[in-house]
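# Summary of structural features
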Amino acid sequence: MTVESSAARKPRRTAAGKAGTTGSSTGATGAKRTSRTTKKSTDPELVQLLTPEGERVENPEYDAYVAGITPEDLRGLYRDMVLTRRFDAEAIALQRQGELGLWPSLLGQEAAQIGSGRATRDDDYVFPTYREHGVAWCRGVEPANLLGMFRGVNNGGWDPNSNNFHLYTIVIGSQALHATGYAMGVAKDGADAGVIAYFGDGASSQGDVSEAFTFSAVYNAPVVFFCQNNQWAISEPTEKQTRVPLYQRAQGFGFPGVRVDGNDVLACLAVTRWALERARAGEGPTLVEAFTYRMGAHTTSDDPTRYRHDDERAAWEAKDPILRLRRYLEASNHADEGFFAELEAESETFGKRVREAVRSMPDPDHFAIFENAYADGHALVDEERAQFAAYQASFADAEGGH
């Protein structure tokens, strides 16, 4: 199974751009070109360091945050995105085969997650939603552990304190408040650490997120709100949720907001580093809107063909985050065919390991759910346990009857 988008094998047409940069051309060495703004005055600002064609453009404000990046670092970012996409593809296949109950795909959002995830330090704390598989990879969470909850064998699968990566949050938007409260505690402790909360464009409509913005601003909490605007909250487009670009909402709460090209891993890395440095320096919260696209379904129970057109996805495939970095690596001679072939083989081995790990997960104790409801027991829980035991026994009786 291939791990890259099919776009990485052949060029696709480039969609009409949003805000972007132009300037003197770059050579095959991948040298920077001087950028100037081409957006209309009414268009939102967009931070971009790599164009969809894989050309490096200068940005005086954010270049310093990736100034020390090496060819090895670039290959590492590419590897992160490719293996994350491979993991995601394997999880989708496992769900279709009945091995998982559900799966929320991150296809198309690899740059936003890997770029921001690699911007964090070990002592930073991350509060994800349920789609941050790439961030989990950056934080060192064992990939198979992400699948336990979706297989129904545990309630999370990892110790959040081991990697400073909280358990996945299914309730939409609540993790923004959790992150804010944690960040307020970090500030009171005087710790030199930042907190980052992930949520989607749909969650931005939740009251929990607005409350988190209010508290974080008033208490100057060291938190970064990282919104992955993938254009669709299940079947609801972003324009039906807000009359202004999402990053501009931060102004009303009294802290900065910035929109970054969510398919540009370098820009996501630079902007998140900047925002986390602000947080650690005691300068308060920041809202980062990563402007990206959910190329797959909301979850495996969703059918996106019912509410969006194929040409929309095709336009975004031309901005594929993996293809974009591959073009830059090739143009700048930072990676050769041997590197890509070796990575392809590694991804196959990785996918097999994930598949085997899921299928070997032991079934949970059917009665464990009753043990953690009340510390001292409860008559109603005892009654429900007995009813469930009788229900389970009925299957054994039925088998014995045959």
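The structure we're discussing is the one just above.
Calculation notes
- Residues numbered from 1 in each chain as written.
- Predicted model: local features only at pLDDT ≥ 70, side-chain atom pairs only at ≥ 80, totals over all residues.
- Heavy atoms only, no water.
- Salt bridge = Lys/Arg side-chain N within 4 Å of Asp/Glu carboxyl O.
- Helix = DSSP H or I, 4+ residues; strand = E, 2+ residues; numbered from the N terminus.
- Buried < 20%, exposed > 50% of the residue type's maximum accessible area, 1.4 Å probe, protein only.
- 1 Å grid on protein atoms, 1.4 Å probe; cavity = no way out; pocket = protein on both sides within 12 Å on 5 of 7 lines; lining within 4 Å.
- Points joined across faces, edges and corners; volume = space filled by probe spheres on them.
- Nonpolar A, V, L, I, M, F, W, Y, C, P; charged D, E, K, R; others polar.
- Pairing = 2+ DSSP bridges.
- Axes fitted to C-alpha atoms, helices over the stretch in contact; angles between N-to-C directions.
- Contact = heavy atoms within 4.5 Å.

## Description of the pattern of salt bridges
Summed over all chains, the structure comprises 23 salt bridges. Among the salt bridges present, the one from Glu90 reaches Arg86, with a minimum N-O distance of 2.7 Å. On the criterion of helical spacing, the pair formed by Glu90 and Arg86 is a turn pair, its members being four residues apart in helix α1 (residues 71–96). With respect to class, Glu90 is no different from Arg86; both count as buried. A salt bridge links Arg385 to Asp382; the nearest nitrogen and oxygen atoms lie 2.9 Å apart. In this pair, Arg385 and Asp382 are both assigned in helix α13 (residues 379–401), three residues apart and thus about one turn of the helix distant. Its relative accessible area of 40% is what places Asp382 among the partly exposed residues. One salt-bridge network, held together by shared partners, links Arg86, Glu90, Glu348 and Arg355.

## Things to note about empty space enclosed by the protein
Under the counting rule described, the total for this entry stands at two cavities of 30 Å³ or more. Lining of the largest cavity is provided by Thr84, Phe87, His133, Ala136, Trp137, Val141, Pro143, Leu146 and Phe350. Looking at the lining of the largest cavity, the elements that each hand over two or more residues are α1, α3 (133–138) and α4 (143–151). Element by element, the count of residues in the lining of the largest cavity is highest for α3, at three residues. The computed volume of the second largest cavity comes to approximately 40 Å³. Considering the residues around the second largest cavity, the lining is formed by Phe199, Ser204, Val209, Phe213, Cys227, Leu246, Arg249 and Leu287. For the lining of the second largest cavity, the residue count by class is six nonpolar, one polar and one charged.

## Structural notes on the sheet that holds strand β4 (residues 195–200)
An order of β3-β4-β5-β9-β8 is seen for the five strands of this open sheet, with the pairing classed as parallel. Looking at which strands have only one partner, the edges of the open sheet turn out to be β3 (125–127) and β8 (257–261). Neighbour-to-neighbour, the strand axes of this sheet turn through a mean angle of 20 degrees, independent of strand direction. Bridge count between β8 and strand β9 (residues 286–291): five bridges; the pairing is parallel. Bridging from a neighbouring strand, Gly257 pairs with Leu287 of β9. Seen against the sheet, helix α2 (residues 110–117) touches β4, β5 (223–229) and β9 and runs at an angle of roughly 165 degrees to β5.

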